[in-house]
Structure formats: structure tokens, C-alpha cells
Protein chains: 2
Amino acid sequence: MNAHTLTNTMIETISPHWIHGERFCVTYRIAATGAQAQSIADNICLEQTVEVTRSVIPAEPIGSWILGHIESIQTIAANASIAVISYAAEIVAGELPQLLNVILGNTSLTPGVRVEKVELSPAVSAAFKGPRYGVAGWRKLLNAETRPILATAIKPMGLTVQALADKAYAMAVGGLDIIKDDHGLTNQKFGLYAERVARVSDAVRRANAVTGGNTLYAPNVTGPIEQVWERARLAKNAGAGALLVCPGLIGFDVMRALADDDSLNLPILAHPSLLGAFVAHPDHGIAHGVLFGLIARLAGADASIFTNYGGRFAFTVEECRAIATACAAVSGTLAPILPVPAGGMTLERIPDLHRTYGTDVMYLIGGALMAHSPDLVANCQLFRKLVTMQL
Amino acid sequence: MNAHTLTNTMIETISPHWIHGERFCVTYRIAATGAQAQSIADNICLEQTVEVTRSVIPAEPIGSWILGHIESIQTIAANASIAVISYAAEIVAGELPQLLNVILGNTSLTPGVRVEKVELSPAVSAAFKGPRYGVAGWRKLLNAETRPILATAIKPMGLTVQALADKAYAMAVGGLDIIKDDHGLTNQKFGLYAERVARVSDAVRRANAVTGGNTLYAPNVTGPIEQVWERARLAKNAGAGALLVCPGLIGFDVMRALADDDSLNLPILAHPSLLGAFVAHPDHGIAHGVLFGLIARLAGADASIFTNYGGRFAFTVEECRAIATACAAVSGTLAPILPVPAGGMTLERIPDLHRTYGTDVMYLIGGALMAHSPDLVANCQLFRKLVTMQL
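Please read all numbers here as calculations on a predicted model, not as lab measurements.

Trainee: Quick question: what am I supposed to make of the layout of surface pockets here?
Mentor: Gaps left between atoms are located by rolling a probe of water-molecule size over the structure's atoms. In this model, the largest pocket occupies a volume close to 630 Å³. Lining the largest pocket are 37 residues, and of these R312(A), F313(A), G343(A), G344(A) and E47(B) lie nearest its centre. At the level of secondary structure, the elements contributing two or more residues to the lining of the largest pocket comprise β11 (303-307) and α15 (367-371) of chain A together with α1 (34-47) of chain B. The element best represented in the lining of the largest pocket is α1(B), accounting for five residues. Class assignment for the residues of the lining of the largest pocket results in 17 nonpolar, 13 polar and seven charged.

Right, dumping it as C-alpha cells:
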């Protein structure tokens, strides 16, 4: 071949036998109407797939198959439209990073477009194992068949490992189900991971021996990628019963791989650190239910922590309900998971929370449980009593 | 210990000898003024560190050391303030995910707070090797001492591997420096990674033999975490001279670890897929220069792709200049890196781009290079000529 005669017309395309027509759909909210919205939707079809102008795309099979297709577009408000765009299942290649890339990747760089809904096709959905435990798994592990699950966190950062272990002991004796590391606890010199996991696991084991309970400790394995599995194995070997992972800090796919790892076989709590930018603006990013519900489930979370309405964060009750709904919704073979409202929750709010979330929920009360009274065991017992009273 | 008598007053704290006073600073833009801004800044100090109310924090050393400190706060507009908050270097533990967590983690869930500037302290900065090659490294690899570096992408997704390799051959013969995979190319059945990397690497090698040039191929190693290193090694062994990584899809820390890996020893291009949500709103997220400049450098990028002003994306010329400035700014021992304006760039804009970016830049023109005329080699030669003419 003489390179100087190579032209763009010399395009071979893929064999038609790959095309079997399965597509999945993403619903975008576009902050525009009419011809402008149509133009933005047309650009999404290109941007999320071929990233070239239509003029250089062979009609068959790239234009007809690889390219995003607008399935419907309609005006929903004075300055907003909804467009449903379908993508070929094959372009995802069964890979979570690429699924995220196709759903929003480059279009995240275009303000005014928000992912409102994702409807996976069977082949895309089947590529992901999803939650290893889910709601049913937590209930079995915790011997808690019908009630809400109660969680808390050991903190503040800066306490000695022994002080954190003492707190964990009190919390387990007080009857809580899950004791997680505060997500800022990693491997600081003043609270080294290995020492913390050994001592806290031991404290929880001793408390369970006293109470006959099944409290699980969930250490935070979010860290440098070279150490994540080492920390997870250390947690497993120490007897920690779960893992805390921050997918916003180390990637959703790392969480997915931890969940998929049969040698770990531990339930996972997903923490929302750094994910707020995606949901901060109604015109942009990813809807709460998609991010903290569907994507968390695809990425193997068994419980998805989010910032509850009425606390020190900004989520509305509707957004929180959308997350809870998405955690439970039927979606291929993905197990339903527990929504975990958190962030400035207090004991006084439990009756209201019960009306919002019902029983398939994990309540996470951290700081308020320490501040409620100086007796941490009594505070935990009160937490459990207040939840049980709602049933 | 009798758990029922354990109280919050029984808090041991860390040994004072850890405290040596080094702190690093984050400047936040807060969409409020006066007492409200002060209150938000106070909350950031708590939220990013101890995550409990002040009432349960021992004053020494947690309150005095671990807790964020407001170093200054001032009103800058009718509805905006700037707060500089310092954090103890030790809480970062030398870990990139934790640095991101301290900088914005939970506060990302509070709209109205944006990271405008990060000033690392010596100990925090020294924990990160940063770019392996940087500007000087690219220039040496490419034998291009003073001119802008020229990059393009093979696409669209859906072409056969052979068609992509043919394009890469033409682009290399046409005199471009870097040929990257389009970031949507992963391991689809119609364009398997291993086959693509082998054939494109071979095409670029053959072109270099013809031209005597040093064109580098940068395959996209963004994929399932279990396969990222396998793909990177495959690229290395096939003779690909660089890697393309999407930190928004697989995590900044995975990119950092690829950059740190001596067995790979390859320069890295960072792609901005999915990162747009962080910069979409002036009241929220992370400033362009911090995200695509400082954080990309900390995470080992040797070149940072972003969407250029005046193209099909929304960045302003000031935002793009801020990225270029942050790529070059002195920051500890981090090597300066190349800013890579991209996204709807055309050949006609080169004179304007030259005035904006000068010579320490990598221009990435993809689709427009294919669409300019049917002769891809001639288009690449024109691209190079137009850039050289500016010097």
C-alpha cells in the first residue's frame, strides 16, 4: 500500500454478522427545546459513540448500528426536553468503565444534559454480576429478617486505634448491625489500617460473643490501587464481615471487581465521597436514582450510602425516594440493595424516616449517636429501640 | 472493660509527637457571604476531616490539628466568598484517593462550594511522583524540541482493526507525533484490544521506518481493573509508545499507579471522559486548572486532554488558559505537562490556538482531520505545516 494514496474512502467496516440488533436506552434531560434540543440530541448520538461528524461515517453498519439513535424526543417544560437515545449493546463490550463512558462520558463536558434513566438490555445487564449479597444477603448475615438494618461509623479521625476499637465494642454491644470505618480513615500514621482492622475486628468479635449478635465491621479499603486487595484480604482474614468502598475516589470498576472476587466474598457498602458533583445541578450530570441506585448496583454495592434529606446536605426527599426506588427496582438479574440514608441524621427523625423508607433500609447514624448522650451503649440501644418501635 | 460503662469521655487521642505542624491549603469559593459563608466554611472544616459535631471533638490534638482550619475568609462578590482552609499533611497518608477525599469528598454533596486552588505542602507533594515524562520527556521521545506536539485519534468505533491501522499508518506518514485510540475503543468484539494494539503498533512502526520519524501510538487501556495492567503490558510489548487513560472512568489512582510502574515506563495521556460534571457549574465542583492541571499531574498524566474553547464544548478561553497555566506551574517536584486542547478543533483555528497556548502544547485534532479532505496523509501534512508556520 502506498500511504500517500490512502484516503478516507478506503474504509472497511465490520462484518454485518455482528449486528444482531440489541440496543439499550438512556434517557437524557436536555435543557433546551425544539430544534435546539434536537440538535443537542443529535450531537449526543455522535459524541457518545463515533465522535466524528456524520459526513465521515459509513452508513452501513456504523451509521445504522454503532451510532446512537434518537428513539424519541419530547418537550417537557418551557426550557427542557427529554430524549431517549439507544445504543448498540456490543459497544459496551461488557465493561463497566465503557458503560459509563457510553452513558455520559464526553457529554459530561456539555452542560445542560442530565442522565435521567438507563434501561439496560439483557446482554448489557448480563455482563455484570451486580451485588453479591443484596437485601436478602444482609438479612441472612445479620439474622434480621424484616426490620431496618442499623449502621454507624467509628470516628473521628485522630483517635487512637484502641479508642476506635472501644467505640466499636460499645456500638456492637448496643445492638447495631454494621460498624463501618469513617471514610476518611485510611492508613494514617496515627491509625494504621492493619492495626485498626485487627483491633476493631477483635472488639466486634468479643462484643458478638457477649450479645450473641452478628454485628459486622466494615473497614474502609479505599486506598492506593496496589493496596486495595491487600487491605481487603487483611479485612477478610481479620474477620471483618464487610467492606466500605468509595467508588468516587477509586472508581466504580474497582468496587465491581471487589464484589466479583470470590476469594473475598464480602458484602460491600458504597460511600458517596466525591460523587456529589454528578447530582449537584438539575440540568447536569446523573440523576440520583441512576447514580446511587442502578450504577451502584451494577458496580456491586450491596448497600448504597447517600446524604439524606433534611440533614446537613442538600438532597430532597424526592431525590432520596428515587434512590430507594432504584435500589429496589427490578433490573435484569441485579439483586435489590439497601439504600443507606446518612449525613446529619438524628434519632429524633426515625419516625419520619420510617414513613419514607419503610423496612428495606439501612439507617446510618454516626456523629449524632456519639453526641446524643455520653453513654454510647445506651445511645445505640435507644437507636435500635426507636427503629423497632416503628414496626 | 464493662461495655455498659463506656462513654464518649473515654477518648484516648494520638500521641502529640505526630504533630509537626505541616499543613496544606485548599481555597474554596463559597456561594454565600458573611455569617452564612463563615458557617459553610466551618462545616467544611468538620466535614472534610472529623465528620462529627464540634461538641464531641477533643480540643487537643484533634481540634487543634486534625480538624480543618480556616486560614482566611473574604467576600469577593455580592454572593460569593473565598475561604482558605488548611489541613494537616498527615491526614492524607500519602494516598491520592484520600487527598481527593480531603479536598472535596463529602463537601461535593453540598452545592455552592467549589475548589478554586490547592496548595500542597512539601510532605504531601513529595508523596506523589507525578508525571514520569512531562513536557521534557515528550520532547525527547518525539525529537521535537521547541514546537507544539501534534496528536490525533483513530476512529470511528466500528471500523475494522485493519481500517484503524491503515488510518494510523497514514497519520504517521503524514507527520503527526501521537496517534491515540479514540477513547471509546476498548475491547469490542468488532475491534478486539489485542488485535488492534498489535496491528496499529505495527503500522506505526512501518510508517516510522519510512519517514524516519518517532510517531507514538497510545492505545486506550481504560477497562476492567483486572485487565488494565494486562492491556498496558500488551501495549508495551507490541511497541506502543504511550498509553491513553480515562481517570474519570477508572479512577485517578489507577492512572497514578500506571505512571508509577517502572516495568511499563510509558508516557500517559489523560482523557477527560466523565469528568465534566466537576467543572460544569461555577458554583460547584473543582476549577478547571485544579482538575485538569494539578490533579492530572499528581495522578501521573504527562499530557492532559480537555475540551477546547470555541469547539463543540463549553469551556471558555479563560478556563482553558487556566488549565494550560496549571499544567506548567511550579508545584513541588511535579514535572510540568502538556495541555491538550481537543474536541471539535479544526485546522483553521491553529493561528488563534497558537496565540493562546504558545509552543508547550499538544494539539489534538481528530474528526476534523478526517473530514478536511479525502486525503488523510495530506491533511496531516497540512496540520503540521500550519503549526510550523506559526513559529
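Past the structure itself, the notes keep going.
Trainee: Is there a simple way to explain the sheet that holds strand β8 (residues 243-245) of chain A in this structure?
Mentor: The strands making up a sheet associate through hydrogen bonds between their backbones, and the pairing can be parallel or antiparallel. Residues and elements named next belong to chain A. Reading across from one edge, β8-β9-β11-β12 is the order of the four strands in this open sheet, with parallel pairing throughout. Strands at the two margins of the open sheet, each flanked by one partner only, are β8 and β12 (338-342). Taken over all neighbouring pairs, the strand axes of this sheet differ in orientation by 25° on average, direction set aside. Of the strands in this sheet, β11 and β12 touch helix α13 (residues 317-328), which is tilted by about 175° from β11.

Trainee: Where do I start with the interface of chain B and chain A in this structure?
Mentor: Much of the literature gives interface size as the accessible area that the parts lose upon coming together. Contact residues are listed per partner, giving 98 residues for chain B and 98 residues for chain A. Across the chain B/chain A interface, buried area totals approximately 8600 Å², and carbon plus sulfur atoms make up 63% of it. In this assembly, chain B and chain A are joined by six salt bridges. With its nearest N and O atoms 3.9 Å apart, the salt bridge here joins E51(A) to K155(B). In this assembly, chain B and chain A are joined by 27 residue pairs in polar contact (both at pLDDT 80 or more). Top element by residues in the side of chain B that touches chain A is helix α6 (residues 161-173) of chain B. It accounts for seven residues. In terms of residue class, the side of chain B that touches chain A is built from 49 nonpolar, 33 polar and 16 charged.

Trainee: Quick question: what am I supposed to make of the sheet that holds strand β5 (residues 149-154) of chain B here?
Mentor: Residues and elements named next belong to chain B. Across the sheet, which stays open at both edges, the four strands sit in the order β7-β6-β5-β13 with parallel pairing between neighbours. In the strand order of this sheet, the two ends are held by β7 (216-218) and β13 (362-364), each with one partner. Neighbour-to-neighbour, the strand axes of this sheet turn through a mean angle of 25°, independent of strand direction. In this structure, strand β6 (residues 178-181) lies alongside β7, joined through three bridges in parallel fashion. Note on β7: the bridge partner recorded for K180 is A218. Most of the contacts of helix α7 (residues 193-211) go to β7, to which it runs at about 160°, and overall it touches β5, β6 and β7.

Trainee: What am I meant to see in the packing of aromatic side chains here?
Mentor: The description of an aromatic ring pair uses the distance of the two centres, along with the angle that the planes make with each other. All names here are of chain A. Under the criterion given, the structure shown has eleven aromatic pairs over all chains. Geometrically, the ring pair formed by Y309 and Y357 is tilted, given 6.5 Å between the ring centres and 35° between the ring planes. With a gap of 48 residues between them, Y309 in the loop between β11 and α13 and Y357 in helix α14 (residues 350-357) connect regions that are remote in the sequence. Its relative accessible area of 10% is what places Y309 among the buried residues. Positioned above the aromatic ring of Y193, the side-chain terminus of R231 is 5.6 Å from the ring centre.

Conventions adopted
- Residues numbered from 1 in each chain as written.
- Chains lettered and ligands numbered in written order.
- Predicted model: local features only at pLDDT ≥ 70, side-chain atom pairs only at ≥ 80, totals over all residues.
- Heavy atoms only, no water.
- 1 Å grid on protein atoms, 1.4 Å probe; cavity = no way out; pocket = protein on both sides within 12 Å on 5 of 7 lines; lining within 4 Å.
- Points joined across faces, edges and corners; volume = space filled by probe spheres on them.
- Helix = DSSP H or I, 4+ residues; strand = E, 2+ residues; numbered from the N terminus.
- Nonpolar A, V, L, I, M, F, W, Y, C, P; charged D, E, K, R; others polar.
- Pairing = 2+ DSSP bridges.
- Axes fitted to C-alpha atoms, helices over the stretch in contact; angles between N-to-C directions.
- Contact = heavy atoms within 4.5 Å.
- Buried area = accessible area lost by both parts, 1.4 Å probe.
- Salt bridge = Lys/Arg side-chain N within 4 Å of Asp/Glu carboxyl O.
- Polar contact = N/O pair within 3.5 Å; in protein donor to acceptor, adjacent residues only side chain to side chain.
- Phe/Tyr/Trp six-rings, centres within 6.5 Å; stacked < 30°, edge-to-face > 60°.
- Buried < 20%, exposed > 50% of the residue type's maximum accessible area, 1.4 Å probe, protein only.
- Lys NZ or Arg CZ within 6 Å of the ring centre and 35° of its normal.

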